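Chain residues, written in single-letter form:
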Amino acid sequence: MDAALLSSLIIGLLLLVDFVIRVIAVIVVPRNRKPTSATAWLLAIFLLPYIGVLFFLLIGSYKLPKRRRDKQEEINRFIIDSTEGMERVSRDHPWPPWLESVVQLNRNLGAMPLVGGNTATLNGDYNASLSAMTAEIDKARRYVHVEFYILSCDQTTKPFFDALEAAVLRGVVVRVLLDHVASYRTRDYKRTIKRLTAMGAHWQLMLPVQPFRGRYQRPDLRNHRKLLVVDGAVGFMGSQNVIDRSYNKKSNIRRGLKWKELVVRVEGPIVAGLNAIFITDWYSETDELLRRETEPISTELTTDALDAQVVPSGPGFRGENNLRLFLALLYYAQERIVITSPYFVPDESMLMAITTAVQRGIEVDLFVSEIGDQAVVYHAQRSYYEALLRAGVRIWMYKKPYILHAKHFTIDDDVAVIGSSNMDMRSFQLNMEVSLMVRGRSFVEEMRKVEDGYRRESRELTLDEWLKQPLRSTVLDNLARLTSALQ
């Protein structure tokens, strides 16, 4: 066979393969996928067929392995059975008429009930919140449950780890969950693992990517939750990881970046809900169901106590629990919405809900950071600013060098949500998250004070200012927006 004929055959074969890839992609990619995501994947495959297909095979499925999904359904049934009849809350003050339906939505999606008789306190000081968690660990008598997306033993978090070690020494059972990929990327990962092992803590990696050990799923499906439970009596959750606020990255230190967080400390029956999240994740990673640490949810009500509901979400669930909760609250709002999100990359439904709220006469404020720590997400977020500003959303940019990493929002004077979930497509589809919905005027007022503090440290972005952005920024923003849809 001469060289010309061989070359023609190779070219013909490549064209055939290219054609087959495109046909199969049109059939497979859109199935059970949002139109924007399907379009983005098809565009990637059509422009770069071989590279696009490779990436689709690696990260094209946002579902956890079936075994893990089955476990999640099993634990959901366990939670529903063990909390039947616990939806007892104080109705001394009139509820918003729409709240019952939102509570039922959350119950159907995430299995957790709304419970009354709780107290909740906010802490926006990075080091003070670490100290508060450390102080509670020092009081532990039975068990400590630690679950963080990033857990790193460094100079800032050393007291936290010292408290865990002291707890083990006095006979307290310490269980620790940390996300594999996120924690592995930190400077002190190996030191952290050695420290946990040496102190005698029971620890497990969450969603490990260890194919040679038979443990593998899509590598960017991550457990993004952050929570701490001590003796089933006190719980912490929010946006903060256990690491120095610079994340010990040279680029962050060079830029002087510092993370600004918000953590809530809770007491009361809701702590059992947070503990159930830990038990769920522990079971998923170890096959050990911690029945003895499953706290009964008290139904005792106290005056001026808060009603609260834990809302887990992630690829282990059939629906996008956090997105459905957020959308319901946005559409029910009657007066005011204030959103704080470090990574704000909404899908069409959320963008429509927010802009519709403004058109209904609702005041909508959005707090974001003036600068970003992740270039692609930062530019994708910016691509939505013009539409939001034109709709009438007020955008407040928290001044550098701080990264406003807190994740929460308030609806009227009635309801607040705080947790680990960003308002972006990654948190809605790919990450395992946990949110806390709180009904109580006193808590919303405390959250408003936090928001007012943000406002004093922020500058408002205007449409006139935005329209003066250089063309290169617009191009980067729009390109990043396309990549954000590859879910």
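Structural data are supplied above this passage.
Residues numbered from 1 in each chain as written. Predicted model: local features only at pLDDT ≥ 70, side-chain atom pairs only at ≥ 80, totals over all residues. Heavy atoms only, no water.

## A look at the overall build of the chain
Scanning the chain from N- to C-terminus turns up 19 helices and 19 strands. In the chain, once contacts between residues fewer than 6 apart in sequence are set aside, the share between residues at least 24 apart is 82%. When the accessible area of the chain is evaluated, it comes to approximately 21600 Å², of which 57% is carbon and sulfur surface. (Helix = DSSP H or I, 4+ residues; strand = E, 2+ residues; numbered from the N terminus. Contact = heavy atoms within 4.5 Å. Areas by Shrake-Rupley, 256 points an atom, 1.4 Å probe, with all protein chains shown as cover.)

## Focus: the pattern of salt bridges
When the charged atoms of two side chains lie near each other, side chains of opposite charge can form a pair. All chains considered together, the criterion is met by 19 salt bridges. A salt bridge links Asp 281 to Arg 225; its shortest N-O distance comes to 2.8 Å. Placement of the pair is Asp 281 in helix H11 (residues 270–286) and Arg 225 in the loop between strand S4 (202–206) and strand S5 (226–230), with a sequence separation of 56 residues. Taken as a pair, Asp 281 and Arg 225 share a single burial class, namely buried. In the salt-bridge network here, residues are joined through shared partners; they are Glu 136, Lys 139, Arg 265 and Glu 267. (Salt bridge = Lys/Arg side-chain N within 4 Å of Asp/Glu carboxyl O. Buried < 20%, exposed > 50% of the residue type's maximum accessible area, 1.4 Å probe, protein only.)

## A word on unusual backbone geometry
Going from Lys 400 to Pro 401, the amide bond is cis rather than trans, its omega being 10°. Following the sequence through the fold, Pro 401 ends up in the loop between strand S13 (394–398) and strand S14 (402–404). Backbone geometry places Leu 207, a non-glycine residue, at a positive phi of 50°. Of note, Leu 207 is situated in the loop between S4 and S5.

## Brief notes about the environment of Ile 371
Along the chain, Ile 371 falls in the loop between strand S12 (363–369) and helix H14 (375–382). Each C-alpha atom, one on Ile 371 and one on Ile 403, is 7.1 Å from the other, the two residues being 32 residues apart in sequence. Once residues lying within four places of it in the same chain are set aside, the contact partners of Ile 371 are Arg 255, Leu 257, Tyr 378, Lys 400, Pro 401, Tyr 402 and Ile 403.

## What about the side chain of Arg 195?
On the secondary structure map, Arg 195 appears in helix H9 (residues 189–199). In contact with Arg 195, other than residues within four places in its own chain, are Cys 153, Phe 161, Asp 162 and Glu 165.

## Topic: the packing of helix H5 (residues 99–110) against helix H12 (residues 321–332)
Where H5 meets H12, the closest approach of the two axes is 10 Å, and the angle between their N-to-C directions is 175°. By the criterion of interaxial angle, the relationship of H5 to H12 is roughly antiparallel. Counting all contacts with H5, which are made through Ser 101, Val 102, Leu 105, Asn 106, Leu 109 and Gly 110, the residues of H12 involved are Asn 321, Arg 324, Leu 325, Ala 328, Leu 329 and Tyr 332. Residues that form the contact of H5 with H12 fall into these classes: seven nonpolar, four polar and one charged. (Axes fitted to C-alpha atoms, helices over the stretch in contact; angles between N-to-C directions. Parallel < 35°, antiparallel > 145°, perpendicular 65-115°, else oblique. Nonpolar A, V, L, I, M, F, W, Y, C, P; charged D, E, K, R; others polar.)

## Here's the deal with H12
In this model H12 runs 17 Å from its N-terminal to its C-terminal C-alpha over 12 residues, within 8% of the 16 Å that 1.5 Å per residue would give. Among the 12 residues that make up H12, nine are buried, leaving the element largely enclosed by the rest of the structure. (Expected span 1.5 Å × (residues − 1).)

## Observations concerning the environment of Met 447
Within the secondary structure, Met 447 is located in helix H17 (residues 441–456). With relative accessibility at 0%, the residue Met 447 sits in the buried group. Distance from Met 447 to Val 417, taken between C-alpha atoms, is 9.7 Å for residues 30 residues apart in sequence. Non-local contacts of Met 447, meaning those with residues more than four positions away in its chain, are made with Leu 122, Leu 262, His 408, Thr 410, Ala 416 and Ile 418.

## Here we look at the nonpolar core
Of all hydrophobic cores here, the largest spans 48 residues; its most connected members are Leu 329, Ile 337, Met 350, Ile 354, Leu 388, Ile 395 and Met 437. Residue contributions to this core peak at seven residues, all from H12. Sequence-distant contacts of Leu 329, defined by excluding residues within four places in its chain, comprise Trp 98, Val 102, Phe 409, Ile 411, Val 415, Val 417 and Met 437. (Core = buried A, V, L, I, M, F, W, Y, C linked by side-chain atoms within 4.5 Å.)

## A look at helix H13 (residues 348–359)
Taking 1.5 Å per residue, 12 residues should reach 16 Å; H13 reaches 16 Å between its end C-alpha atoms and fits that length. Of all the positions in H13, only Met 350, Leu 351, Ala 353, Ile 354, Thr 355, Thr 356, Ala 357 and Val 358 are classed as buried. Within two residues after H13, Gly 361 carries a phi angle of roughly 95°, on the positive side.

## Side note on the packing of aromatic side chains
Inspection of the entire model under this criterion finds 13 aromatic pairs. Measuring from ring centre to ring centre gives 6.0 Å for Phe 160 and Phe 161, while their planes differ by 70°; the resulting arrangement is edge-to-face. With centroids separated by 5.7 Å and ring planes inclined at 65°, the aromatic side chains of Phe 367 and Tyr 454 adopt a geometry described as edge-to-face. Of this pair, Phe 367 sits in strand S12 while Tyr 454 sits in helix H17, and the two are 87 residues apart along the sequence. Both residues of the pair, Phe 367 and Tyr 454, belong to the buried class. An aromatic cluster is built from Phe 367, Trp 396, Tyr 398, Tyr 402 and Tyr 454, whose rings are joined through pairwise contacts. Directly above the aromatic system of Trp 396 lies the positively charged group of Arg 455, at a separation of 5.4 Å from the ring centroid. The ring of Tyr 384 has Arg 481 sitting right over it, with the charged end atom 3.9 Å from the ring centre. (Phe/Tyr/Trp six-rings, centres within 6.5 Å; stacked < 30°, edge-to-face > 60°. Lys NZ or Arg CZ within 6 Å of the ring centre and 35° of its normal.)

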